Amino acid sequence: MAKLSIKQTIKTSNGNIYVMSAAPVKPAEKFKQIKIECENWVGLTAEKRGNMYIRDRINTLTGLPFRDVVANGHGTAQFSLSYLVREMPSTKFRAYWVAVNDNIITVNYTQKVSIGLPATMLLPYVTVTPNNYSEVYLGEFTMATYQPSMLIYLTAANSTSATANLLVCDYIRLEPVFKLISMIYTNKKFPMKTMIAVALVLAAGSAVAQNPAQPAKAPAAQERDAIRLLNGVIKDAATGKPAAGIRVEVEKFSAAITDTDGKFNLKVPSWNSTVIISGEGYDKRQVPLKGRKSLNVSLQDVTHQSFNETVTLPMGERSKLTTTASVTQYNVDPWVHNSETPDALLQGRISGLNAIRRSGTQGAGANLFLRGYTSLYGTNKPLIVIDNMLYDNNDYGQSIIANNYTNPLALIDPKDIDNITVLRDASSIYGTKGANGAIIITTARASEQATRISFGAFAGFNSAPKQLPVMNAADYRVYLSDILQSKGLTSGQVAALPYMNDDPNNPDYSSYHFNTNWQDQVFKNSMSNNYYLKVTGGDNIATYGLSVGATSNQGTVRNTDLSRYNTRFNAEFNFTRKFTGYANLAFTYNEQQLKDQGIADQTAPIFLSLIKSPFLNTHVVNEEGVQSPNLADRDTTGISNPTAVINNMQAYNRYYRFLGSFGFKYDFNDNWSANTLFSVMYDKVRENIFVPSAGVAKDTLDNAIAKNRLGTQVKRIYSLYSDSRISYRKNINNIHNISANVGLRYQKNSSEQDYALGYNSATDELVSVQNGVAALRQVGGGIGEWNWMSIYLNADYGFRNKYFLSFNVAADGSSRFGKEAKNGISMSGTHWPVMPSIGAAWLISSEDFMQTSFVDVLKLRATYSLTGNDDIGNYTARQTYGSQNLLGMQGLVRNGIANPALQWETVKKLNGGLDVALFNERVSLSLTCSGTIPAICSYTNRSHRLPASTPS
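Presented here is an overview of the structure given in this document. Worth saying up front: this structure is predicted, and the values here are computed from it rather than measured.

Calculation rules
Residues numbered from 1 in each chain as written. Predicted model: local features only at pLDDT ≥ 70, side-chain atom pairs only at ≥ 80, totals over all residues. Heavy atoms only, no water. Helix = DSSP H or I, 4+ residues; strand = E, 2+ residues; numbered from the N terminus. Buried < 20%, exposed > 50% of the residue type's maximum accessible area, 1.4 Å probe, protein only. Contact = heavy atoms within 4.5 Å. Areas by Shrake-Rupley, 256 points an atom, 1.4 Å probe, with all protein chains shown as cover. Core = buried A, V, L, I, M, F, W, Y, C linked by side-chain atoms within 4.5 Å. Pairing = 2+ DSSP bridges. Axes fitted to C-alpha atoms, helices over the stretch in contact; angles between N-to-C directions. Salt bridge = Lys/Arg side-chain N within 4 Å of Asp/Glu carboxyl O. Patch = residues over 30% accessible without salt bridge, like charges linked within 9 Å, V, L, I, M, F, W, Y side chains within 5 Å. Polar contact = N/O pair within 3.5 Å; in protein donor to acceptor, adjacent residues only side chain to side chain.

1. Details of the overall build of the protein
And step 1. Regarding its fold elements, the protein presents nine helices and 54 strands.
And step 2. With 952 residues in all, the protein has 47% of them scored as buried.
And step 3. In the protein, 68% of the contacts between residues at least 6 apart in sequence involve partners at least 24 apart.
And step 4. Here the protein displays about 45300 Å² of accessible surface, and carbon together with sulfur accounts for 54% of that area.

Structural data, given as C-alpha cells:
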C-alpha cells in the first residue's frame, strides 16, 4: 500500500518560518501522480519529489518584531510591513498579538486592540480579555497593495476608566493561510483514505500553527537540526544610535527586521554566508560573516558612495563588489544639477573620464573622452545608453551657424536622471559601438506606489565672464602707429590719417576719439529660470512617473537665449506574476537664438570685441560728435561692428527629439527568463541664419561679392533599435552564483541633411533664402543609411562571494565594413569582428583571515579584451559620387577611391585595478591601470568626515 507523508512545521525564534512539504514513498501501481494545489503561491518554490509536485517552501519571516508599551490603557505604536508585502502580495494572513512569558500583563477588564493598515487592508476592532495570555488572535486580512514605506499601527484602548494599566506587545505574528483546494490523481482506484489522510494532516498543521504553546525542543533535537542563528546590532554611523526597521537577509534563504534596539536574529545557511543589510535612507551593505556568529554594523546614509552600492550594467543591476569590470556610478541629485547637461555635469566626477566643455554657450555640453584616445581617425566618443537604448550622440552634418554644435544630450533634463554608470571597457558587451567605453544613464521612475507630486522652481543669475585685458584708445594708437610704420608709412603719413589726428578742429576728429569697451557691448549679466513638475505613483499592477519641465536661459552674450520644453513618461507593468513590461517615452523641444562662435573673423561678436579698435563708436556720429540712432558701418580696415552683429544678425536653432521604447520580460521559472526591447528615435534640427550688410564686412565668393548672407538647413535622423536575449540565473546553496545571457541587438539608421544658402537680398529687411540672387544660390546636403547587428554572450560565475570570473564576447555585422575585409569570421559573405573579454576579481576582504582587519573592502580585479571600432563613415568602403557645378553645367564627380578591404580598428586592452575601503568605508581608494604598454593609471580617493565618536 502506498504511503504519503505530508508535513507542515513551524519554527519559532522571535518570528516564524513555515515549511510545507510533501514526499511520498515510491508508489505502488494504485496511482501514478498526485498534485496538491494550494492558495497563495507567492514565496513558494516548485520542486519535484518522486512523481509528486508541490510548492513546498515559504522563505520569509512572518514574525514581525515589535516591542513597545502602550501605557495608561491607550496609545499607538508602529512597525514596517513593506518587505513582507513586497514578497507576498495579495496573500491572506492571520494576525496574532504576541507577548512572551517575561512580559505577560494581567488585565482584568476588556481591552480593544486593532491593527490599522492602508485603506484596502483594514482590520476590524477585536475585543479580547487578556488574562495571563501569551498570544491573542486578532483577525484575518489580505495585503493587496504594496508601498515601500508601509507601516502597521497597533492601537489599544480601554473600555473602562482605568488609567494605570500597561499593554505590552513583543511582536505581531502573521501566519499565511494555505488551503487545500484540489488533489489530482491519474488512477481512479487511488484510495479515498489516503486523500482524507492528506487533508487531515494539512488541517492538523494549520491547527498547530494557531497554537503558540509549542513545547521546546530538546537540546539534542536542536543540535540535530543544525540551526545557525546569527544575531547582531545595526546602528546609524552618523549618530551611533540603534537603527530600527532595517532589513537583514541572506539572499533567497532568510530575512529579519531589526527591533527598536537595532537587534536582530537571522537564520543563516553557513557561517561563511554573505548578509545583505538595507533600509530606507541608508546605504546598502554586503557583509561577509567570515566565520563570525554575531555582527555589529554601522550604516552610512544613502548619499554615501560605497563599493557596496548597486550599479546598473547592461545585463541588469549588480553589486559593485561582484563585478570584474572597472565601473563607476554617479548618483545624480535632481535638485542640485537643475540647469546642467548630463555630459557637462560629469566633469571632474569620474576617474579616467575627461569632460571638456565645448564653449560657454548654454546647452553646448562637453566632449567626453574615456581613458584617453584609442583611435587616430574615429571620434573616440564613449557610447551613450539611456534606459537600455543606444542613444545617438552625434551631430550629422555641420551647422550653418559658425562653430555651433547641436548637443543631443542637452535634451535630457538632469532632474529626470537617477544615476549615471561609466563602464570603461564595453566593446565585448556592445561590440564595435562600445570601443571607447559606455556611459549608461538610468532615468528616474516611481520608487513607491503612493502618489507623490514634486514641483521645483529655480531662478539663477548668469554672471558675464571676466573680461580679457585689451588696450584702451591711447595705447591702441601707439600700437597702430608702430604697425603702420612697419609697413612703410612715414610718421607724417601716419599722423595725417584721420583716426591718428588729434586736432579738435579736424572734421573727422569726433568720429575717432572714443574709448569704447566692445566687450561691454557683447556681454551682459542675465537670468535663467527652470520649472519642473513630476508625478509618480501606481499600484501593484503598474507604476508610473510623469515629468514636465520648462527652461529659459537668457545667456551672457546679448540677444542669445535658450528655451526648452521637455516631458518624460516612464511606466512599469505587472501583466502577470511572470510577465512584466515597461515603457519609456520622452519628447523635447529646444529653441535657441545664437550668434556665430569661435574665430569667425567677420561675424563672431566675441572675436570682434577683442580685435575692434577702441577709438571707434558703436553708432554714427556727425562733426559735432552728436550720436545718430544708426549703427556704425565696418571700419576702414574692414572689421565689422560687433554691435551691428549683436543687434541685427539672426541665427536660430530649433531642435526636436522623440525617444520611445517598450520592453517585456517573461520568467519561465526561477532560473530562465527572456527579455526583449524595441525602441524608436526621431530627431530633427532646423536652422536659419541671416547676416546683414549694414555694419558687417562683405564676404568674397567665387564669382561675386556677398553683401548679406541668408541660409536655412534641416537635419533629420531616424533610428530603430531592438535588443532580445535569453537569461539564466542560478544560485546553488549560496555557494555558486551562475548567470549567463545570450542575445541579439539590431539597429537600423537613416539620416538626411538639406541646406540652402543665398546671398545679396535687395534689403536687410528680406531675410529668407528665396530673396537672394538666384544665380548665387547654393543647395546641398546628404543622405546616409547604415545598419548594425551584434550577437553577444555574457557569462558570470561567483564562488562564495569571494572569487569572480566573467566572460563576454560580441560579434558584429556592420554595413560600414568592406566586403573584402580579411579578419574576423565570415557569415553570408560578410566578415564580422569578434571581440572577446575575460575578467577576474578576488574579494580579499571576504576571506576568513581578514575577520579582525580594519579593512572593510579589499578587492583585486583584472580584465583583458579586444576592442573594435566602426566609426569609419557610412560609405568609406564604397565608391561614391557627388554633384558639382562647372560653368553652369551640373554633373557628377568621384568623391574618393573605394576601399573594399576597409575593416574595424582593433585594440588590445589590459586593465587592472585595486579597490580599498577603510574605517567603515569613510575613506576609499580605487586605483586603475589600463591601456596598452605603458599603462595609463588613474585613481579615485574619497574621504568622509568622521563623527566625534565611532560606533562599534
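2. Re the nonpolar core
And step 1. Among the nonpolar cores identified, the biggest contains 46 residues, and Leu 346, Leu 353, Tyr 391, Ile 420, Tyr 430, Ile 439 and Ile 441 are the most heavily contacted of them.
And step 2. Apart from the residues lying within four places of it in its own chain, the contact partners of Leu 353 are Leu 346, Leu 368, Phe 369, Leu 370, Val 422 and Ile 439.
And step 3. Counting residues in each nonpolar core, the second largest holds 18 residues, with Ile 234, Ala 243, Ile 277 and Tyr 282 among its members.

3. A short note on the sheet that holds strand β20 (residues 285–288)
And step 1. With respect to topology, four strands assemble into an open sheet ordered β17-β16-β19-β20, the strand pairing being antiparallel. The sheet is open, and its two edges are formed by β17 (254–257) and β20, each paired on a single side. Within the sheet, the average angular offset between the axes of one strand and its neighbour, ignoring direction, is 20°.

4. A few points about the pattern of salt bridges
And step 1. For the structure shown, the criterion picks out 22 salt bridges.
And step 2. Notably, a salt bridge pairs Arg 716 with Asp 754, separated by 3.8 Å at the nearest N-O pair. With a gap of 38 residues between them, Arg 716 in strand β42 (residues 709–732) and Asp 754 in strand β43 (residues 736–759) connect regions that are remote in the sequence.
And step 3. Taking the relative accessible area as the measure of exposure, Arg 716 reaches 30% and is therefore partly exposed.
And step 4. On the accessibility criterion, Asp 754 (33% relative accessible area) is partly exposed.
And step 5. Overlapping salt bridges bring together Asp 387, Arg 445 and Glu 572 as one network.

5. Overview of unusual backbone geometry
As a rule of thumb, non-glycine residues mostly have phi less than zero, and peptide bonds are mostly trans rather than cis.
And step 1. A positive phi is found at Asp 387, a non-glycine position, where the angle reads about 50°.
And step 2. Examined against the element boundaries, Asp 387 turns out to sit in the loop between β27 (383–386) and β28 (389–391).
And step 3. Using a relative accessible area of 7% as the deciding quantity, one classes Asp 387 as buried.
And step 4. Non-glycine residue Asn 734 carries a positive phi angle of around 55°.
And step 5. Along the chain, Asn 734 turns up in the loop between β42 and β43.

6. Some words on the sheet that holds β27
And step 1. One open sheet accounts for five strands, arranged β24-β29-β30-β27-β28; its pairing is mixed. Whereas interior strands pair on both sides, the edge strands pair on one side only; in this sheet they are β24 (327–331) and β28. Between one strand axis and the next, the sheet turns by 25° as a mean value, whatever way the strands run.
And step 2. Across five bridges, the pairing between β24 and strand β29 (residues 417–423) is antiparallel. Considered in β29, the bridge of Tyr 330 is made with Ile 420.

7. Thoughts on a nonpolar patch on the surface
And step 1. Nonpolar side chains collect at one region of the surface, where Tyr 666, Phe 668, Trp 672, Ile 726, Val 742, Leu 793, Phe 807, Ile 838, Tyr 864 and Leu 910 lie side by side and expose about 910 Å² of accessible area between them.
And step 2. Residue position: Ile 726 is located in strand β42.
And step 3. We classify Ile 726 as partly exposed; its relative accessible area is 35%.

8. Some thoughts on the environment of Tyr 532
And step 1. Mapped onto the secondary structure, Tyr 532 falls in strand β32 (residues 526–538).
And step 2. With a relative accessible area of 1%, Tyr 532 lands in the buried category.
And step 3. It is 7.3 Å that separates the C-alpha atoms of Tyr 532 and Ser 547, two residues lying 15 residues apart in sequence.
And step 4. Not counting the four nearest positions on each side in its chain, Tyr 532 is found in contact with Trp 335, Asp 413, Lys 415, Asp 416, Ser 454, Phe 455, Gly 456, Ser 547, Val 548 and Gly 549.
And step 5. For Tyr 532, the side chain forms a polar contact with the side chain of Asp 416, separated by 2.6 Å.

9. Considering the side chain of Gln 753
And step 1. Position of Gln 753 among the secondary structure elements: in strand β43.
And step 2. Overall, the relative accessible area of 16% leaves Gln 753 in the buried class.
And step 3. Polar contacts involving the side chain of Gln 753 include one to the side chain of Gln 713, which spans 2.5 Å.
And step 4. Apart from the residues lying within four places of it in its own chain, the contact partners of Gln 753 are Gly 397, Gln 398, Gln 713, Val 714, Lys 715, Gly 780, Gly 781 and Gly 782.

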